[in-house]
Amino acid sequence: MVADGGRPARVNAVARRIAQAGLTGGFTYLISEIAGQEPAASITLSVLVGGIVFLAKLLIDYEERLIDFDRRLDGMHEWQISQSQDHEAAQLLRAVDNCGVETKAVTGLLTKTAMLGNDAAEVIRTFVEHEIDRTADLVEELSKGKATYEDGEDHNWILGLTRVARHTIDAISTATVDGHGSGLARGYWASDRGRRYLKLQADVIQSRGVAVRRLFVLEKSDDLAEPGFLAIFQSQAAIGIDVRTIHIDQVPEVLRSRLDVIIYDGAIAYELLPSPETGPHRGYLMTNLNARSQHVLDRRKTFEDLWELAGRLQADA
């Protein structure tokens, strides 16, 4: 039907070209006769000019058709690219949905990034790109089971995991890490960051009923009698945290390398590696997030073993 519908137009186009060539040839013949040319020469000249005009018109039409074809081809190529991109984007969103992550979070990131606008300063755009890359790297590392922050402590991780915990938070707090080597009463829990973390735990306990347990590992025999530590212990118990204590000498030697850990929902372990320096300004070498099942299982068992041991010791005391 397309071929039949286009045939009259093509026939008309050919007829027009022939008519134009004929008119041009006739006009040329007339001029030749007026100029006193021989009839044979006039006819030859008119046929030649008419043929040239016909051929030129044919070439012009052909070029226009080629240009139109290229334009259509470019449009089809752009449409195919658009369709391919849409298909790829749809596949990616389906893959995200299949892994359990809300697609709304991913599309929300794209939408909010687009809101930045072309007039944003270069430093802002570069910072946004850096943060997106950093998040992408974290997701990639966690997809392999472990992520590492190599510049010390990443406190955003501990706050973020606390915000999203749904069931349990099991933590071991040591004087080595939380006390910066100078005692629990004068370390992390006395700082602004420690208080923010504690407030967030109180929020998830009250709002979602998250069960939070914390085991304090003491290094000095008189830590329990220290007013500063007692205040920390009591403040945490008051907001619903189940708190126990154990002395480092009571921890089996084989378990001492598995301390300084927080386990969220029994699925991921947040671990700090302290620097080798000692003293009140002791820092951290790095922070690890480990979601490898065997590793998390080992850390959960360590916590449960120490938790029960602390409970038995307190009962005997």
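Calculation rules
Residues numbered from 1 in each chain as written. Predicted model: local features only at pLDDT ≥ 70, side-chain atom pairs only at ≥ 80, totals over all residues. Heavy atoms only, no water. Helix = DSSP H or I, 4+ residues; strand = E, 2+ residues; numbered from the N terminus. Buried < 20%, exposed > 50% of the residue type's maximum accessible area, 1.4 Å probe, protein only. Areas by Shrake-Rupley, 256 points an atom, 1.4 Å probe, with all protein chains shown as cover. Axes fitted to C-alpha atoms, helices over the stretch in contact; angles between N-to-C directions. Parallel < 35°, antiparallel > 145°, perpendicular 65-115°, else oblique. Left-handed = near helix turned anticlockwise from the far one by under 90°. Contact = heavy atoms within 4.5 Å. Salt bridge = Lys/Arg side-chain N within 4 Å of Asp/Glu carboxyl O. Phe/Tyr/Trp six-rings, centres within 6.5 Å; stacked < 30°, edge-to-face > 60°. Lys NZ or Arg CZ within 6 Å of the ring centre and 35° of its normal. Polar contact = N/O pair within 3.5 Å; in protein donor to acceptor, adjacent residues only side chain to side chain. Core = buried A, V, L, I, M, F, W, Y, C linked by side-chain atoms within 4.5 Å. Pairing = 2+ DSSP bridges. Patch = residues over 30% accessible without salt bridge, like charges linked within 9 Å, V, L, I, M, F, W, Y side chains within 5 Å. Lys, Arg positive; Asp, Glu negative; His and termini not counted. Charge placed at Lys NZ, Arg CZ, Asp CG, Glu CD.

Novice: Would you mind going over the overall build of the chain in detail, with residue names and values included?
Specialist: Assigned secondary structure in the chain consists of eight helices and seven strands. Residue burial in the chain is summarised as follows: out of 317 residues, 32% are buried. Within the structure as shown, the chain displays about 20200 Å² of accessible surface, and the carbon and sulfur contribution to it stands at 58%.

Novice: Just give me the short version of the packing of helix 5 (residues 155-164) against helix 6 (residues 192-208), but keep the residues and values in it.
Specialist: Contact geometry of helix 5 with helix 6 gives a least axis separation of 9 Å together with a crossing angle of 10°. Our classification of the angle between helix 5 and helix 6 gives roughly parallel. As helix 5 runs across helix 6, the sense of the crossing is left-handed. In contact with His 155, Ile 158, Leu 159, Thr 162, Arg 163 and Val 164 of helix 5, helix 6 contributes Arg 193, Arg 196, Tyr 197, Leu 200, Gln 201, Val 204 and Arg 208.

Novice: Any details on the pattern of salt bridges? Residues and values, ideally.
Specialist: Inspection of the entire model under this criterion finds eight salt bridges. Between Arg 213 and Glu 304 there is a salt bridge whose closest N-O contact spans 2.6 Å. In this pair, Arg 213 is assigned in strand 3 (residues 211-218) and Glu 304 in helix 8 (residues 293-316), connecting sequence segments 91 residues apart. Glu 304 sits in the partly exposed class, given a relative accessible area of 30%.

Novice: Before we move on, can you summarise unusual backbone geometry with the specific residues and values?
Specialist: Phi at Asp 265 takes a positive value of approximately 55°, unusual for a residue other than glycine. Its place among the elements puts Asp 265 in the loop between strand 5 (261-264) and strand 6 (268-274).

Novice: Summarise the environment of Leu 200; cite the residues concerned and give the values.
Specialist: Within the element layout of this structure, Leu 200 appears in helix 6. For the pair Leu 200 and Arg 163, spaced 37 residues apart in sequence, the C-alpha separation works out to 7.1 Å. If we ignore the near neighbours within four places in the chain, the residues touching Leu 200 are Leu 159, Thr 162 and Arg 163.

Novice: Which residues make up the packing of aromatic side chains, and what are the values?
Specialist: Under the defined criterion, the tally for this structure stands at six aromatic pairs. Ring geometry for Trp 189 versus Tyr 197: centroids 5.9 Å apart, planes at 20°, classification stacked. Pair check on accessibility: Trp 189 and Tyr 197 agree, each one buried. Pairing Phe 216 with Phe 229 gives two aromatic rings, centres 5.2 Å apart and planes at 90°, and the pair type is edge-to-face. Here Phe 216, found in strand 3, pairs with Phe 229, found in helix 7 (residues 227-238); they are 13 residues apart in sequence, far enough to count as distant. Neither Phe 216 nor Phe 229 differs from the other in exposure class; each is buried. Directly above the aromatic system of Trp 307 lies the positively charged group of Arg 213, at a separation of 5.3 Å from the ring centroid.

Novice: Hey, could you go over helix 5 for me, with residue numbers and the actual values?
Specialist: Taken together, the buried positions of helix 5 are His 155, Trp 157, Ile 158, Leu 159, Leu 161 and Thr 162. Where helix 5 starts, the residue carrying a side-chain oxygen 3.1 Å from the main-chain nitrogen of Asn 156 turns out to be Asp 154.

Novice: So what about the nonpolar core? Which residues, and what values?
Specialist: Formed by 29 residues in total, the largest nonpolar core has its most connected members in Ile 158, Ile 169, Tyr 197, Ile 262, Tyr 264 and Tyr 270. Where this core is concerned, the elements lending two or more residues are helix 5, strand 2 (168-174), helix 6, strand 3, helix 7, strand 5 and strand 6. Once residues lying within four places of it in the same chain are set aside, the contact partners of Tyr 264 are Ile 158, Leu 161, Thr 162, Ala 165, Thr 168, Ile 169, Tyr 197 and Tyr 270. In terms of nonpolar packing, the next biggest core, distinct from the first, is built from 17 residues, Val 217, Ile 248, Leu 259 and Leu 306 among them.

Novice: Would you mind going over the pairing of strand 2 in detail, with residue names and values included?
Specialist: Where burial is concerned, most of strand 2 is hidden: six out of the seven residues are buried. Pairing geometry for strand 2 and strand 5, over three bridges, is antiparallel. The residue bridging Asp 170 from the neighbouring strand is Ile 263, located in strand 5.

Novice: With reference to specific residues and values, describe a negative patch on the surface.
Specialist: Residues Glu 129, Asp 133, Asp 137, Glu 141, Glu 150 and Asp 151 make up a contiguous surface patch of negative charge. Here Asp 137 shows up in helix 4 (residues 122-143).

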